[in-house]
Amino acid sequence: MQLKLLLVDFDGTLADTRRANARAYVAALSEVGYPLSEEEYLKRHFGVRCPDFLRSIGFTDPEEIDRIRRRKIELYPSFFESVRLNEGLWAFCRHFRRQGGKVWIVSTGQPQNLKNAMRYLKLENEVDGILSAGDVEHHKPHPDAFLKAMQIEGCLPEETLIFEDSAVGIEAARRSGANYMVVNFEKE
């Protein structure tokens, strides 16, 4: 079968957003008196969905979790100077689109965080679709987001190639039935 669809994770795959995410969490949590270092966040929590991360460090009140989540989203763009695009993967995606293929971003990130980062990198109008947190009921490691993008595009798993970096994303890709590539985007 012919390859028709690329599904690309954003954080850690298409873009190195680790430091920007870490700094935004450190700033948001310092406002509520919770000490978190950038190093600790990167070592132990990067890639974990915001509500799950906040619960894992002891926040239990849903309203407080939502306030911290919203504040992190507000702060995130102020740290974009550290965001780097995976130029090689992006060049491949652009070439694939020029050849008639479709490229979607499939992320567990918060929609506004993703939109802000894509706008900063000037990618917001360069993909065929975006699925993020809230677009599916079950997040990675469940394959739901990948399967939904395939369904929207009318593509079968064997017509799809997924790019992922995290263990949960790789597991979701495997469960989707599509071929996938593990991306080890060089971190500074």
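In what follows, the structure referred to is the one given above.
Residues numbered from 1 in each chain as written. Predicted model: local features only at pLDDT ≥ 70, side-chain atom pairs only at ≥ 80, totals over all residues. Heavy atoms only, no water.

(A) Examining helix H1 (residues 18-30) more closely. With 13 residues, H1 should cover 18 Å at 1.5 Å per step; its first-to-last C-alpha distance of 18 Å lies within 8% of that length. Taken together, the buried positions of H1 are occupied by Arg18, Ala20, Asn21, Ala22, Ala24, Tyr25, Ala27, Ala28 and Leu29. (Helix = DSSP H or I, 4+ residues; strand = E, 2+ residues; numbered from the N terminus. Expected span 1.5 Å × (residues − 1). Buried < 20%, exposed > 50% of the residue type's maximum accessible area, 1.4 Å probe, protein only.)

(B) Inspection of the environment of lysine 148 at higher detail. Topologically, lysine 148 is positioned in helix H7 (residues 144-153). It is 9.0 Å that separates the C-alpha atoms of lysine 148 and aspartate 135, two residues lying 13 residues apart in sequence. Within the local environment of lysine 148, its side chain forms a polar contact with the backbone oxygen of aspartate 135, the two atoms lying 2.8 Å apart. (Polar contact = N/O pair within 3.5 Å; in protein donor to acceptor, adjacent residues only side chain to side chain.)

(C) Geometry of the environment of glycine 134. Along the chain, the position of glycine 134 falls in the loop between strand S5 (129-131) and H7. Take glycine 134: its relative accessible area is 64%, and that puts it in the exposed class. As for glycine 134 and glutamine 110, which are separated by 24 residues in sequence, their C-alpha atoms are 7.9 Å apart.

(D) Spotlight on the nonpolar core. The biggest cluster of nonpolar side chains holds 43 residues, and the ones touching the most others in it are Val8, Phe10, Leu14 and Leu54. Listed by contribution, the elements that provide at least two residues to this core are strand S1 (5-8), H1, helix H3 (50-56), helix H4 (62-75), helix H5 (87-98), strand S4 (102-106), helix H6 (111-120) and strand S6 (160-164). The contacts of valine 8, once residues within four sequence positions are left out, are Thr13, Leu14, Leu89, Cys93, Val103, Trp104, Ile105, Val106 and Phe163. Counting 15 residues, the second-largest nonpolar core is a separate cluster that includes Ala145, Phe146, Met150 and Ala178. (Core = buried A, V, L, I, M, F, W, Y, C linked by side-chain atoms within 4.5 Å. Contact = heavy atoms within 4.5 Å.)

(E) Focus on the sheet that holds S1. Read from one edge to the other, the open sheet built from five strands follows the order S5-S4-S1-S6-S7, with strand pairing classed as parallel. Two strands bound the open sheet, and with one partner strand each, they are S5 and strand S7 (179-182). Put simply, the sheet's adjacent strands are angled 20° from each other on average, direction ignored. In this sheet, S6 lies alongside S1 in parallel orientation, the contact comprising four bridges. Opposite valine 8, over in S6, you have phenylalanine 163 as the bridge partner. Packed onto the sheet, H5 meets S1, S4 and S6 and runs at close to 150° relative to S1. (Pairing = 2+ DSSP bridges. Axes fitted to C-alpha atoms, helices over the stretch in contact; angles between N-to-C directions.)

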